[in-house]
Amino acid sequence: MEAIKSTDNEIYELIKLEEKRQFDKVRLIASENYVSSAVLQATGSVLTNKYSEGYAGKRYYEGQQIIDQVERLAIARAKELFGAEHVNVQPYSGSPANIAVYLAFLKPGDTILGMALPHGGHLTHGAKVSISGKYFKAESYALSRETGLIDYQAIRQQAMDCRPKIIIAGHSAYPRFIDFERFRAIADEVGALLMVDMAHFAGLVAGEAHPSPVPIADVVTTTTHKSLRGPRGAMILCKEEYAAAIDKAVFPGVQGGPHNNTTAAMAVAFKEASTKEFRDYTHRVVENAKTLAGTLMKHGFDLITGGSDNHLLLVDLTNKGIGGKAAAKALDAAGLVMNYNAVPFDPRKPNDPSGIRIGAAAVTSRGFKNGDMLQVGEWINDVISEPENERLIDEIAADIASFCKDFPPPGL
Ligand code: DSN
């Protein structure tokens, strides 16, 4: 960090403060993680200096002798890791990846069917405020009011009625496995393509701690920085028959030059994700989420679906008499960082909903095990029991900073 320090001390100081924040607090944001030093170094490498519009062997700029090798390596590793027929590693992040899929297969006004945003879908799955909801006729499916689970029969009926061109499975806040075969059957029945957005659980799929959508779906999109523990970026995995359409949609359809430093960091992350250590890590993530779910339920917290199969929990705080935003702010002050989140059929507004979303991927990367998750559950309960008790919150924050010293995160 010496060069940053001498060139721009203000940014240096801010990076150092953020590093300390990431060290001293318990990171429970379900979409975040800690990358390794190797991934950080690739991200900060000279590969950021190169323009490479196009694909390996077919670029619009010269000087691609090395970049082509980097991109080919990233693709080969991703194909191997997920058993994919074709992979495009150029999307800048999850939203452009999803938009590229729509560009590949849809015309403006065509119908898509995805999980409703307040039920755990992503903005790009057809939310009205997103390009996916503005340029396409977006139909949304809800979760079951009784169970909080995906209601496959209702989705089938909705698909029969609206005849979507693409059905989107995948989520940002659903704590259970998805039955990809059932989505496949629905898509086949109505002649739709099946797209799975596995951004949240891609790491668990890589470690075989979660069923894989890759052999089942036509197209799978994912970010690389969540449970997969890579740099901020994304990729699209698809059947060979869709390869040309997907590649053309990413470039030149949606994007210009790929971020080659990110591509290299992805390649590093894919190598890491193919190890036994990573596989064990993903299984520990799921165990840790289950342990936290158990301890929170013991304290009377209302978990949507009554638990978790993956890395995340969605908690409805209505019975605790506190809104999601006030809860998330009090928890953050205590050193427990998460986000407020809508719950299915939430009567409150999206910017102050009824719930919080909690993820176990980042804390597991820094070595938290079952007993540590029990402690996290106790802290959450203590804060939510007295969210306005500043003295208590300060005491917990000090305890957490001290506790975290024993768990140095990767990369820091
Ligand atoms: N913003 C991400 C999340 O937090 O789940 C989804 O892209």
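First, a word on what this report is: a plain description of the structure on this page. (Residues numbered from 1 in each chain as written. Predicted model: local features only at pLDDT ≥ 70, side-chain atom pairs only at ≥ 80, totals over all residues. Heavy atoms only, no water.)

What follows deals with the packing of helix 12 (residues 276–298) against helix 15 (residues 370–385). A pair of packed helices is captured by two measures, namely the crossing angle of their axes and the spacing between those axes. Interhelical geometry of helix 12 versus helix 15 gives an angle of 35° and a closest axis separation of 8 Å. In this structure, helix 12 meets helix 15 at a crossing whose hand is right-handed. Mapping the contact onto sequence places E287, N288, T291, L292, T295, L296 and K298 in helix 12 and N370, M373, L374, V376, G377, E378 and I380 in helix 15. Residues of the contact of helix 12 with helix 15, tallied by class, amount to 6 nonpolar, 5 polar and 3 charged. (Axes fitted to C-alpha atoms, helices over the stretch in contact; angles between N-to-C directions. Helix = DSSP H or I, 4+ residues; strand = E, 2+ residues; numbered from the N terminus. Left-handed = near helix turned anticlockwise from the far one by under 90°. Contact = heavy atoms within 4.5 Å. Nonpolar A, V, L, I, M, F, W, Y, C, P; charged D, E, K, R; others polar.)

Side chains of residues three or four places apart in an α-helix project in the same direction, reflecting 3.6 residues per turn. Counted at 1.5 Å a residue, the expected span for helix 15 with its 16 residues is 22 Å, and the 23 Å between its end C-alpha atoms agrees. Of all the positions in helix 15, only D372, M373, V376, G377, W379, I380, N381, V383 and I384 are classed as buried. (Expected span 1.5 Å × (residues − 1). Buried < 20%, exposed > 50% of the residue type's maximum accessible area, 1.4 Å probe, protein only.)

Strand 12 (residues 312–316) sits mainly inside the fold: 5 of its 5 residues count as buried. Going residue by residue along strand 12, you find L312, L314 and D316 tucked away on one face and L313 and V315 tucked away on the opposite face as well. Where strand 11 (residues 302–303) lies against strand 12, 2 bridges are found, and the strand directions are antiparallel. Considered in strand 12, the bridge of L303 is made with V315. When strand 12 meets strand 15 (residues 355–359), the two strands line up antiparallel, connected through 5 bridges. If you follow L314 over to strand 15, its bridge partner there is R357. (Pairing = 2+ DSSP bridges.)

The next thing to look at is the pattern of salt bridges. A side chain with one charge can pair with a side chain of the opposite charge if their charged atoms come near. Tallying each qualifying case throughout the model produces 19 salt bridges. Each of R59, D68 and E71 takes part in a single network of salt bridges with overlapping partners. (Salt bridge = Lys/Arg side-chain N within 4 Å of Asp/Glu carboxyl O.)

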